[in-house]
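One letter stands for each residue in the lines below.
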Amino acid sequence: MQIGLIGLQNSGKTVLFKTLLNSSGSAAQGKADQTRTVVKVPDQRLNKLTSIFNPKKQVNATLEIDDVAGLQVGDDGKIRITSDFLNKVKNCDALLHVVRQFENDAVPHPENSIDPLRDINFLETEFLFSDMAMIENRLEKIKKDMLKSKTDQLQRELPVFTKLQEHVNKELPIRLLSLDENEKRTLSGYQFLTLKPMIRGINFDENSKDKVGSMVKQIEDSFPEHKPTIVPFFAQFEFELSSLSKEEAEVFMQDFGITDSALDRILGSFYNMLGLQSFFTVGEDECRAWTITKGMTAQESAGVIHTDFYNKFIRAEVVGYEDFINHGSIAKCKDAGAWRLEGKEYIVKDGDILNIRHN
Ligand SMILES: Nc1nc2c(ncn2[C@@H]2O[C@H](COP(=O)(O)OP(=O)(O)O)[C@@H](O)[C@H]2O)c(=O)[nH]1
Ligand SMILES: [Mg+2]
């Protein structure tokens, strides 16, 4: 999975990127010109499993974070969406809009003042305009081509694009439109900016911590139908913490009143929003976390490990994480009957420990 950090110039994207890089303990740490990295998804439960099994290695789930530059405010005061930006965003599964709240006279804001709500609206509107233009162009082309030949594809696309146009004309992002599976398939080759799952990350300075609650509420109230996911963070402050040792950082965090790192909070929000969860595989070689979507079956989850496991699936041996910790070992789980056999239709739960039996 790939997450793109987007936002106006000087909103703190690069500082946040470095913060996430540092706190993930990723091997690629510290390359100055780097804009893309794979980070480990922090997972206390996996750490605990590793301490129990003492395997040769621990493999966290990973995801890619992309510091996407190229959103510029032009002299006309409009956001210029460059093709470089579009190409990068296209590859992202979800976006984090970094919105500036921090005050710093030495760092100019492209709009010359600090106003997070304005910046959110600004980006949302430009994204919507971009989608509107694309939909209009496509509709025109569909209608023109249909005069020549009414192919199946054109006939499928026409009603869907008409529906999209009616929706965006109400100035609503496409992610709020409910589409059935067929409609989604018809649109799968197209890239709509307002369809990308997006979290608003508000970058506060450490002195404005008291404003966090009221700011978050103000933004939520401004988008009653969007139910936006908002994550506050303190990019500069948390960057400084991320370069300390874990123990030192924890002392500062406690003093400041935050319990989880920006990385934990941001990835946690993406997991929630995207309906993601983890299951684990354990053993002497490795303890490993795997990312799946909520609702996935044992067989589908096995397929995430290896396609052979999907094709040759027989059964899954399963124990829930809490159950396992309560019993303390696989042998004790078996004695207590907590180590279960499940078939391919079993819906995997967050934290399940799985052992896939296959041919
Ligand atoms: N005081 C303060 N300065 C920040 C904060 N976040 C970023 N900055 C500064 O703002 C400038 C621009 O940040 P940068 O991350 O490069 O912005 P980008 O253009 O969005 O990548 C840098 O000089 C940062 O040090 C913050 O939370 N507080
Ligand atoms: Mg930058």
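For clarity, every value in this text was computed on a predicted model and none was experimentally measured.

Caption draft 1: Looking closely at the pattern of salt bridges. Enumeration over the complete set of coordinates arrives at 20 salt bridges. Here D145 makes a salt bridge to K148, at a shortest N to O gap of 3.6 Å. Of this pair, D145 and K148 both sit in helix α4 (residues 116–148), 3 residues apart, which is roughly one turn of the helix. With its nearest N and O atoms 3.1 Å apart, the salt bridge here joins E183 to K163. Of this pair, E183 sits in helix α6 (residues 181–187) while K163 sits in helix α5 (residues 152–168), and the two are 20 residues apart along the sequence. We classify K163 as partly exposed; its relative accessible area is 27%. Salt bridges sharing partners connect three or more residues here, namely D43, R45 and D350.

Caption draft 2: Structural detail: the pairing of strand β1 (residues 2–6). Along β1, 5 of the 5 residues are buried, which leaves the element largely enclosed by surrounding structure. Of the two faces of β1, the one holding Q2, G4 and I6 and the one holding I3 and L5 are both buried throughout. Here β1 runs beside strand β4 (residues 62–67); their pairing, made up of 4 bridges, is parallel. From the neighbouring strand, G4 faces β4, where its bridge partner is D66. Two elements, β1 and strand β7 (residues 94–100), share 4 bridges in a ladder whose sense is parallel.

Caption draft 3: Here's a closer look at the site of ligand 1. Within the structure, ligand 1 sits among 15 residues, and N10, K13, T14, V15 and Q236 are positioned closest to it. N10 places a main-chain nitrogen or oxygen 2.8 Å from an oxygen atom of ligand 1. In isolation ligand 1 has 570 Å² of accessible area, and contact with the protein removes 75% of it. Secondary-structure elements contributing two or more residues to the shell around ligand 1 are α1 (13–24) and α8 (235–242). When its residues are assigned to classes, the shell around ligand 1 shows 6 nonpolar, 8 polar and 1 charged.

Caption draft 4: A look at the nonpolar core. By size, the foremost hydrophobic cluster in this structure holds 37 residues, and its most contacted members are L16, L63, L96, F233 and I266. The dominant element in this core, judged by the number of residues it contributes, is helix α10 (residues 262–273), at 6 residues. Both domains that furnish three or more residues to this core are identified here as domain 1 (2–113 + 196–273) and domain 3 (295–358). Counting residues in hydrophobic clusters, the runner-up holds 18 residues, among them V99, M215, F223 and F256.

Caption draft 5: Inspection of the sheet that holds β1 at higher detail. Strands sit in the order β2-β4-β1-β7-β8-β9 across an open sheet of 6 strands; the sheet is mixed. Both edges of this open sheet fall to β2 (36–40) and β9 (229–233), since each of them pairs with a single strand only. The average angle at which neighbouring strand axes cross in this sheet is 25°, direction not considered. Strand contacts of helix α7 (residues 212–222): β8 (198–203) and β9, with the helix running at about 155° to β9, the strand carrying the most contacts.

Caption draft 6: Highlighting the pairing of β2. Burial along β2 is one-sided: the face carrying T37 and V39 is buried and the face carrying R36, V38 and K40 is not. Alignment of β2 against β4, held across 5 bridges, turns out to be antiparallel. Directly across from T37, in β4, lies its bridge partner I65.

Caption draft 7: The arrangement of the domain arrangement of the chain in detail. Parsing the chain into structural domains produces domain 1 (2–113 + 196–273), domain 2 (125–194) and domain 3 (295–358). Each side of the interface is counted separately: domain 1 has 5 residues, and domain 3 has 8 residues. For the pairing of domain 1 and domain 3, the buried interface totals around 560 Å² over both sides, and the portion due to carbon and sulfur atoms is 77%. Linking domain 1 with domain 3 are 1 salt bridge, by the criterion used here. Among the salt bridges present, the one from R45 reaches D350, with a minimum N-O distance of 3.2 Å.

Caption draft 8: Molecular detail of the packing of aromatic side chains. For the coordinates displayed, the defined rule picks out 10 aromatic pairs. Their ring planes at 90° and their centres at 4.9 Å tell us that F234 and F256 sit as a pair that is edge-to-face. Here the residue F234 occupies a position in the loop between β9 and α8, and F256 occupies one in helix α9 (residues 246–256), the gap between them amounting to 22 residues. F256 carries the same exposure label as F234, and that label is buried. Following the ring pairs from residue to residue traces out a cluster consisting of F204, F234, F237 and F256. Here the guanidinium or amino end of R200 rests over the ring plane of F223, the centre of that ring lying 5.9 Å away.

Reading the values: rules and limits
- Residues numbered from 1 in each chain as written.
- Chains lettered and ligands numbered in written order.
- Predicted model: local features only at pLDDT ≥ 70, side-chain atom pairs only at ≥ 80, totals over all residues.
- Heavy atoms only, no water.
- Salt bridge = Lys/Arg side-chain N within 4 Å of Asp/Glu carboxyl O.
- Helix = DSSP H or I, 4+ residues; strand = E, 2+ residues; numbered from the N terminus.
- Buried < 20%, exposed > 50% of the residue type's maximum accessible area, 1.4 Å probe, protein only.
- Pairing = 2+ DSSP bridges.
- Near = heavy atom within 4 Å.
- Polar contact = N/O pair within 3.5 Å; in protein donor to acceptor, adjacent residues only side chain to side chain.
- Areas by Shrake-Rupley, 256 points an atom, 1.4 Å probe, with all protein chains shown as cover.
- Nonpolar A, V, L, I, M, F, W, Y, C, P; charged D, E, K, R; others polar.
- Core = buried A, V, L, I, M, F, W, Y, C linked by side-chain atoms within 4.5 Å.
- Domains from an automatic or database assignment.
- Axes fitted to C-alpha atoms, helices over the stretch in contact; angles between N-to-C directions.
- Contact = heavy atoms within 4.5 Å.
- Buried area = accessible area lost by both parts, 1.4 Å probe.
- Phe/Tyr/Trp six-rings, centres within 6.5 Å; stacked < 30°, edge-to-face > 60°.
- Lys NZ or Arg CZ within 6 Å of the ring centre and 35° of its normal.

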